[in-house]
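# Residue-level structure breakdown
Residues per chain, in single letters:
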Amino acid sequence: MPTSQAVVDEHAHEHPELLHHFATAGQQKNAASLGMWLFLAQEVMFFGGLFCAYLVYRYKYFADFGSASQQLDIRLGTTNTVVLICSSLTVVLAIRAVQLGKRMALVFWLVATILLGLAFLGIKADEYAEKFEKHHVPGASFSYHELLPGQQRFPEAERQYANPHHAEMFFSLYFAMTGMHALHMVIGVGLFGYLAYKGWRGKYTPAYYTPIENAGLYWHFVDIVWIYLFGLLYLIDRHR
Amino acid sequence: MFGHFPLWPESASTAAGNVDALYIFLLLVSGIMTTLIFTVLTIFAVRFRKQKGQRAVQIEGSHHLEITWSIIPFCVMMVFYIWGAVIFFQERTPPQDATEVYTVAKQWMWKFEHQGGQREINELHVPVGRDVKMIMTSQDVIHSFFVPAFRLKQDVLPGRYTTLWFRATKPGTYHLFCSQYCGTQHSGMIGWIVVMEPRDYEAWMSGGSGNQPLAVTGEKLFSELGCVTCHRSDTQGRGPNLVGVFGKRVLLEDGRTVTADENYIRESILEPGAKIVQGFKPVMPTFQGQVDDEQLNALIEYVKSLAAPQSGRSANTSPAAGASPQL
Amino acid sequence: MATTDGPDFGERENYLNAGHGLKSWLLTVDHKRIALLYLISITFFFFIGGFFALLIRLELLTPVGELVQSDTYNKLFTMHGQVMVFFFVIPGVPAVLGNFLMPLMIGAKDLAFPRINLLSWYLYVIGGIFMMYTILNGGVDTGWTFYTPLSTEFLKTNVISAALGIFVAGFSSILTGLNFIVTIHRMRAPGMTWNRLPLFVWAHYATSIIQVLGTPVVAITIVLVALERLFHLGVFNPALGGDPLLFQHLFWFYSHPAVYIMILPSMGIISEIVCCFSRKRIFGYTAMTLAVVGIAVIGFLVWAHHMFVAGISIYAALIFSLLSYFVAVPSAIKVFNWTATMYKGSITYQTPMLYAFGFIGLFTIGGLTGLFLACLGVDPHVHDTYFVIAHFHYIMVGGMVMAYLGGMHFWWPKISGRMYPEGWGKLAALIVFIGFNLTFFPQFILGYMGMPRRYHSYPAEFQILNVLSTAGATILAVGYLLPMVYFTWSMRYGKPAPANPWNAAGLEWQTHSPPPTFNFDEQPIVTWEAYNYDEIGEVPEKEREEVPVAH
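Below is a short write-up of the structure.

### Brief notes about the overall build of chain C
Helix and strand content of chain C: 17 helices and zero strands. Expected size for 551 residues packed as a compact globule is a radius of gyration near 24 Å; at 23 Å, chain C falls within 12% of this value. When contacts within chain C are restricted to residue pairs at least 6 apart in sequence, long-range pairs at least 24 apart make up 83% of them. Total accessible area computed for chain C in this model is approximately 15,900 Å², and 70% of it derives from carbon and sulfur atoms. Here chain C contributes 27 positive and 29 negative side-chain charges, whose respective centroids are spaced 3 Å apart.

And the structure:
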């Protein structure tokens, strides 16, 4: 068995990206993949805490949450969902491009992903602004006077209004969950910016594109989180 | 410092005896286990110390031993578990006819109110040999009602009621501690439980300046706040008839059934929209901010006193308590 | 295959002399150097937390608070808990010994992600800076458990900076765990199968799973507490419809598995020491590996045993009590297996072995008292009293700290290339054992008598036990100071260590003391089982001379 130094020298020649403490490029790639999956596992637990809080209060304040949910703009939310799903597609196309050795296509699809991500964030900012104007941001200036779902069918004098505290709970969770998600998206956009630059410089080849793949995993995860958020925050009472 | 050097707390409740018995059993088993391991370790340390010419014997393991020393400790632990669970269940099931004491905890004092209207701060008088149930809430942060001599504690939460019941067995004065860290004066939020012979207790209850029974205070509030306009004792009211409702199962308009306990009454006053009784409209206004914890306690006590004629909730034992008012 | 190494490390390249200057240390990616960076920072925080403990014990000499104000006392126990838990006990063994030894033990050149390893340290330091800011800017007095609504609505102290410090340190923990898992999966030397891994590695594997899956939950909980304070959200505030019990569930969901993060690595250390100083393979290797993984898994299912009197339902309490008994079984198995390993062994009593004996005894007591707390009949009485404090200090101090010290002595020759003075080592171990028991055993009695925890002043009848406890604490402090002095002394004046002074099994002993930067001169290929003491045999007389006999 050759000494480790000789192995390293040989591989360094073939695989300039091989780090010194790995024996083969395959080992390095496997390690990076496993690392990213573990990171995503901890992200699931991280968001899980928020989802847990949401579940508890959705159960406790069922109708009030329905009322508050109706205050969100379903068109913007749906648009954002479509935007994110498309951005996951562009990520996959970027990976396909680098697998085929197409450097400019890689950069193109990464930039497309970034633009879609920024579009999402822009729409989100617009939604937040609207919530601010309607005093639905939790805190000192919060005010809420809306009907519970389905109350329109009763005569005016008997209509029941949502409890403002419970509606505020919904919005607290809304901002915490979408805010945390948006933060993850900002990090993702930054990451893709860096990768697009490096990709343009020719760093990624069919032999080595692990960072693109792992960043793609991260982005898909962020997308999946949004899909759950969309359902739980926007869609819970639209059937009426 | 050396004058009084106790190593065991006093026992002053029926629970204390049970808890001590289980604790001593745990001590015995733990003591045996510890002694066993210490002894074996010492014997091995001496017997198998390095000696010239002797080599260690490599032993891979033993399935039989592993299984044995897993199953036997597990079975012993199950005894701990079941015995403990039984005691816990008893401790958490207040008897039906317990005397009730409302407790409001706040930073950093204990406020008690007996059904007869007597109020105490940081000191609670109870009769020996009778079941007492504490109905407790906090005005601010989480506190915990702890009486070591009774071997009982229960956290006291803001926004809801928790309960603790006991039967004192020995007259005397016993420490009351707050045992959930609650800020600056946490260690100053202490007091005394004064357990008295029944005769002394009756004397104490009727002393003091004409306390109004809690239920009567509640009745006055019920009228002043306008509750009586909707919650009539017939079927004509816009709100449900409250006579006999306490402790019963209530059918809600969304199909759920809940028990009308203290937490339910409290919620109905502060957040009436949370649970609407079937057949009624959601028109009750909220009284959040208009009633404090003590007033809520009085209202709840009043509702409890509205016994249905035949079933008759058990009357208070204190002679100073008023008779159930008739609407 | 034991290679003895002459004391020529001054000329041979090793990780200590491979680069000089601050930059070579602060920008290192060598897991061994990062381990030393952690050693320094963790020791620093141990001093801080220990200092707070000393003040607490001094205050508790008298029933009435005379030394400090109530608010100050509340800050002391809060910061003692936060610093010790998040900046000493949780990172302690994995970040120092785990970082240093794990790649060596599996025959790897480094961890899977060396730069993330360095990032972990920097996150720890940043978290530590937030913590120091909190301490110096007036402290925090929430209790280390941060219960709401006290911490969110009623306190005006530095809650957010403390929360931030713990949050950032939490990510240090997560990344360390992630690094370890990938390393163990992907970086083992040829021939190093899972069943040949040292138990130290298995213990860190199980710990890392908890770090990765549990820590994020407390992270988001802390974020919510901070948001609640900043924006008055009401998620945990009953006045706004929130539920304080939700906080407790989320908090304990991590904080209970966290105690297994604290103890599992220590159990790994004890396995290594017991085998070496009994000259025997471990009794029941498979049972031991199943036990650590079992503890990690079941440990996630028992959190609400901290909440039996908090207001949860009877049925929830019944379930969590039962599960808590389940988790006790694998711990018991480990104690039995260590004891059985000594049977027909060939035992010597160097300092690491003394700490191991101490660990087994004290962990037994600590673990048994856990059974008291899991018991629904007893817990309502002893919850939130000194009984709980005694229980967890038996495990964390009698357990973790003793194992950590035992490990530091065991691997000191490998880390520093020097031997520590054996006589002083034994003396310190004895002082620690005596001081520890005197400090904490009286607290069991205090707890059953009803002295609540977090009490600044207490009824006079509790005084004598408190005085005993404080006396013990002073002795314990001496016991801790001694190793700091003689370890430092040994770095310059200690006898140079051979590669394998204990003639121990394990790949880490097959390389130089201290190791070269890339760990091994040649890639090891493993063809033997862990703890192959049958092949290694006794310590030959010749090599025994190399080990300092007396100081």
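Past the structure itself, the notes keep going.
### A word on the packing of aromatic side chains
Counted under the stated rule, the structure contains 93 aromatic pairs over all chains. Centre to centre, the rings of Phe65 of chain A and Phe170 of chain A are 5.2 Å apart; their planes meet at 85°, and the pair counts as edge-to-face. With Phe65 of chain A in helix H3 (residues 62–69) and Phe170 of chain A in helix H6 (residues 164–200), this pair connects stretches of sequence that are 105 residues apart. Here Phe65 of chain A matches Phe170 of chain A in class, with each residue buried. Judged by centre distance (5.4 Å) and plane angle (90°), the rings of Phe170 of chain A and Phe171 of chain A are edge-to-face. The pair formed by Phe170 of chain A and Phe171 of chain A is uniform in burial state, with each residue classed as buried. Taking the ring centre of Phe62 of chain A as reference, the NZ or CZ of Arg58 of chain A above it sits at 3.7 Å. The ring of Trp25 of chain C carries the charged tip of Arg33 of chain C above its face, separated from the ring centre by 4.1 Å.

### Digging into the sheet that holds strand S6 (residues 143–147) of chain B
Residues and elements named next belong to chain B. Strand order in the open sheet made by the five strands is S4-S10-S9-S6-S7, with mixed pairing throughout. Sheet topology places strand S4 (123–127) and strand S7 (152–156) at the edges, where each strand pairs with a single neighbour. Sheet twist, expressed as the average angle between the axes of neighbouring strands with direction ignored, equals 25°.

### What about the nonpolar core?
In this structure, Phe145 and Phe150 of chain B together with Leu97 of chain C are the most contacted members of the largest nonpolar core, which totals 331 residues. For this core, the leading source of residues is helix H3 (residues 70–106) of chain C, giving 22 residues. Those residues in contact with Leu97 of chain C that lie beyond four places of it in its chain are Gly92, Met102, Phe200, Ile269, Tyr404, Gly407, Met408, Trp411 and Ile415 of chain C.

### Examining the sheet that holds strand S2 (residues 109–114) of chain B
Residue and element names in this part refer to chain B. On the basis of which strands lie adjacent, the open sheet formed by five strands has the order S3-S2-S1-S5-S8 and mixed pairing. The sheet terminates laterally at strand S3 (119–121) and strand S8 (162–167), the two strands that pair on one side only. Along the sheet, successive strands turn relative to each other by an average axial angle of 25°, direction set aside. Relative to strand S5 (residues 131–138), strand S1 (residues 99–106) runs parallel, the two sharing seven bridges. Considered in S5, the bridge of Val101 is made with Met134. Its contacts with the sheet place helix H7 (residues 293–305) against S1, S2, S3 and S5, and it is angled at close to 165° to S1.

Scoring rules and cut-offs
Residues numbered from 1 in each chain as written. Chains lettered and ligands numbered in written order. Predicted model: local features only at pLDDT ≥ 70, side-chain atom pairs only at ≥ 80, totals over all residues. Heavy atoms only, no water. Helix = DSSP H or I, 4+ residues; strand = E, 2+ residues; numbered from the N terminus. Rg over C-alpha atoms; globule rule 2.2 N^0.38 Å. Contact = heavy atoms within 4.5 Å. Areas by Shrake-Rupley, 256 points an atom, 1.4 Å probe, with all protein chains shown as cover. Lys, Arg positive; Asp, Glu negative; His and termini not counted. Charge placed at Lys NZ, Arg CZ, Asp CG, Glu CD. Phe/Tyr/Trp six-rings, centres within 6.5 Å; stacked < 30°, edge-to-face > 60°. Buried < 20%, exposed > 50% of the residue type's maximum accessible area, 1.4 Å probe, protein only. Lys NZ or Arg CZ within 6 Å of the ring centre and 35° of its normal. Pairing = 2+ DSSP bridges. Axes fitted to C-alpha atoms, helices over the stretch in contact; angles between N-to-C directions. Core = buried A, V, L, I, M, F, W, Y, C linked by side-chain atoms within 4.5 Å.

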